[in-house]
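One-letter residues, chain by chain:
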Amino acid sequence: MIKNVNVITMNPLTQVLEHATVVIRGSRIESINGVIPDKAQIINGKDKWLIPGLIDMHVHLPTDSYFGPKLPTQAPDVAFATQDLMTPIVANGVTTVVDLNSTMETFAQKKEIDKGHVTGPRIVLAALVNGGAGAGRIANTAEEGRSLVRNAKAEGYDLIKVYSKLNVETYQAIIDESSKLGVKTIGHIPNAFQGKLDQAFVPLFGMVAHAEEFSKHSESLSVQDAQRFAKLSKENGTWLSPTLTTMDWIAKQTISIDSIAQSPNLKYVHPLFQSKWLTANNYVKNATPENKEYYPKLVQFHFELVKAFKEAGVPIVAGTDAGVSGVIAGFALHDELELLVKAGLTPREALQAATLLPAQWLGIDSQIGSAEVGKLADLVLLDENPLIDIKNTRKIAGVFINGTWWDKNKIGTMLADLAKRNAASKDKFDWKKTISRKSK
Ligand SMILES: [Zn+2]
């Protein structure tokens, strides 16, 4: 039970319940300002702010075969402990993540969380479908696309992610088949739509996963282009997850790798990723004077896009693309919220973009997305009011995740322990050594 707390319910959007008492029983919010149970554990909420658990619409959770055939000898050396992957996410109040390229291993991670062996977020799983050649789910005809969608649905995936190399007819068949089966679609705008962007906006294409998917279709990076894209999305009912933080990090590391080396949260990333980001970084490898100038322009243009989409009334949700070098799951969501506000959303709109809106799009808003009686107890207790300054979402006093409470001490201990173990195994997970072991 949290006593005397200010609850930002997010539903209705402007509601704030001051000095409220929130009772949590099991995994649910049992009451707000209702009957107080006799033997409850009491959390003092005085001068604190309670918000719904945060949702990251776009992550890539590492799995043991994440590096695929590039690292055939990784087992048993590389086995990511699921708790270690989830700790930074929970510590940041992110209680739901949408994994946009899931595999059977992601199902296994989800199961560990469901069984209570690991404290972690709810995971929504997307099956990625691409065209061309290569590994994974590949479809190059309409019939192949439809059949992959049917299989993914039968296997239990929640969403279909469309990707860059799909051809026009396969893409359109995938969106059509998904909508027939009631499966939502999210993703890239395939390269095949270059010069005919409007054809990508077929009914029930659910969400564009990056602002960059639009900037690829703009030579001038003009406000007019941003407005044209917003109009297309609005008319088609397609939402946007701009992932502003991804482009911000791409720009920063292209300019200097120091941005990653000096990241205060790098220590919470598995040392193999740390090493790869620092020593085998493609953005650094491909850094040209042109890129160093162009990427910061994209960052600015993406702000313009967010403004135009907001004005057009297209719902915008918070996603990070965590897993991209520099973008650290959990921490990155607060960066995204800050960038959304910088781009023109109000703090309240930014919060909505990471709570109620994604829950609605995902169709799980009867369970999560707002602080309401009967919903699941995914809640974040903050030391200061995020409606005044969005940076205050980082001032976390504690997190309820599916009713499990991590207070500030627990969060601190979990993070410190993780950083310590990561530091201790740095030599073992040197990227270059791991690679050379493989090539023997
Ligand atoms: Zn992604």
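Residues numbered from 1 in each chain as written. Predicted model: local features only at pLDDT ≥ 70, side-chain atom pairs only at ≥ 80, totals over all residues. Heavy atoms only, no water.

1. Here's the deal with the overall build of the protein chain
- On a plain count of helices and strands, the protein chain comes out with 16 helices and 16 strands.
- A compact globule built from 440 residues would reach a C-alpha radius of gyration of about 22 Å, and the protein chain, at 22 Å, matches this within 12%.
- When the backbone C-alpha atoms are referred to their principal axes, the protein chain occupies close to 65 × 55 × 45 Å.
- Here the protein chain, with 440 residues, has 55% of them falling under the buried criterion.
- The long-range share in the protein chain, meaning contacts at least 24 apart out of those at least 6 apart in sequence, stands at 73%.
- Averaging the coordinates of the 49 positive side-chain charges in the protein chain and doing the same for the 46 negative ones gives two points 4 Å apart. (Helix = DSSP H or I, 4+ residues; strand = E, 2+ residues; numbered from the N terminus. Rg over C-alpha atoms; globule rule 2.2 N^0.38 Å. Buried < 20%, exposed > 50% of the residue type's maximum accessible area, 1.4 Å probe, protein only. Contact = heavy atoms within 4.5 Å. Lys, Arg positive; Asp, Glu negative; His and termini not counted. Charge placed at Lys NZ, Arg CZ, Asp CG, Glu CD.)

2. Concerning the coordination of the zinc ion
- His 58 (NE2), His 60 (NE2) and Asp 321 (OD) make up the full set of protein donors to the zinc ion, lying at 1.9 to 2.3 Å.
- Within one chain, the residues donating to the zinc ion are spaced in sequence as H-x1-H-x260-D. You can see His 60 sitting in the loop between β6 (54–59) and α1 (82–91) and its partner Asp 321 sitting in the loop between α11 (289–312) and α12 (331–343), a full 261 residues away along the chain.
- Judged by relative accessible area, Asp 321 falls into the buried class, the value being 8%. (Donors = N, O, S within 2.8 Å, 3.2 Å for Na, K, Ca; no water.)

3. Overview of the packing of helix α3 (residues 142–155) against helix α4 (residues 168–181)
- Contact pair α3 / α4: the axes reach a minimum separation of 8 Å and the direction vectors enclose 35°. α4 is crossed by α3, and the crossing has right-handed handedness. Two secondary-structure elements touch here, α3 through Ala 142, Gly 145, Arg 146, Val 149, Arg 150 and Lys 153 and α4 through Glu 169, Thr 170, Ala 173, Ile 174, Asp 176, Glu 177, Ser 178, Lys 180 and Leu 181.
- Across the contact of α3 with α4, the residue classes break down as five nonpolar, three polar and seven charged. (Axes fitted to C-alpha atoms, helices over the stretch in contact; angles between N-to-C directions. Left-handed = near helix turned anticlockwise from the far one by under 90°. Nonpolar A, V, L, I, M, F, W, Y, C, P; charged D, E, K, R; others polar.)

4. Some details on empty space enclosed by the protein
- Across all of its chains, the model carries two cavities of 30 Å³ or more by this definition.
- If you trace the largest cavity, you find it lined by His 210, Ala 211, Glu 212, Pro 242, Thr 243, Thr 246, Met 247, Ile 250 and His 302.
- The dominant element in the lining of the largest cavity, judged by the number of residues it contributes, is helix α7 (residues 244–255), at three residues.
- Looking at the lining of the largest cavity residue by residue, the class counts come to four nonpolar, four polar and one charged.
- Within this model, the second largest cavity holds a volume of roughly 30 Å³.
- Among the residues forming the lining of the second largest cavity, the class breakdown is two nonpolar, three polar and two charged. (1 Å grid on protein atoms, 1.4 Å probe; cavity = no way out; pocket = protein on both sides within 12 Å on 5 of 7 lines; lining within 4 Å. Points joined across faces, edges and corners; volume = space filled by probe spheres on them.)

5. Quick notes on helix α6 (residues 223–236)
- In a regular helix each residue adds 1.5 Å, so 14 residues correspond to 20 Å; α6 covers 20 Å between its end C-alpha atoms and thus fits that length.
- Residues of α6 that are buried: Asp 225, Ala 226, Phe 229, Ala 230, Leu 232, Ser 233 and Asn 236. An end-on view of α6 places all buried positions within 160° of arc, on one side of the element. For α6, exposure combined with an orientation more than 90 degrees from the buried face picks out Gln 224, Lys 231 and Glu 235. (Expected span 1.5 Å × (residues − 1). Arc of directions from axis to C-beta.)

6. So, the environment of Thr 346
- For Thr 346, the location among the structural elements is in the loop between α12 and α13 (347–353).
- Taking the C-alpha atoms as reference, Thr 346 lies 9.5 Å from Asp 389; in sequence the two are 43 residues apart.
- Contacts of Thr 346, omitting those with residues within four sequence positions, involve Lys 310 and Val 341.

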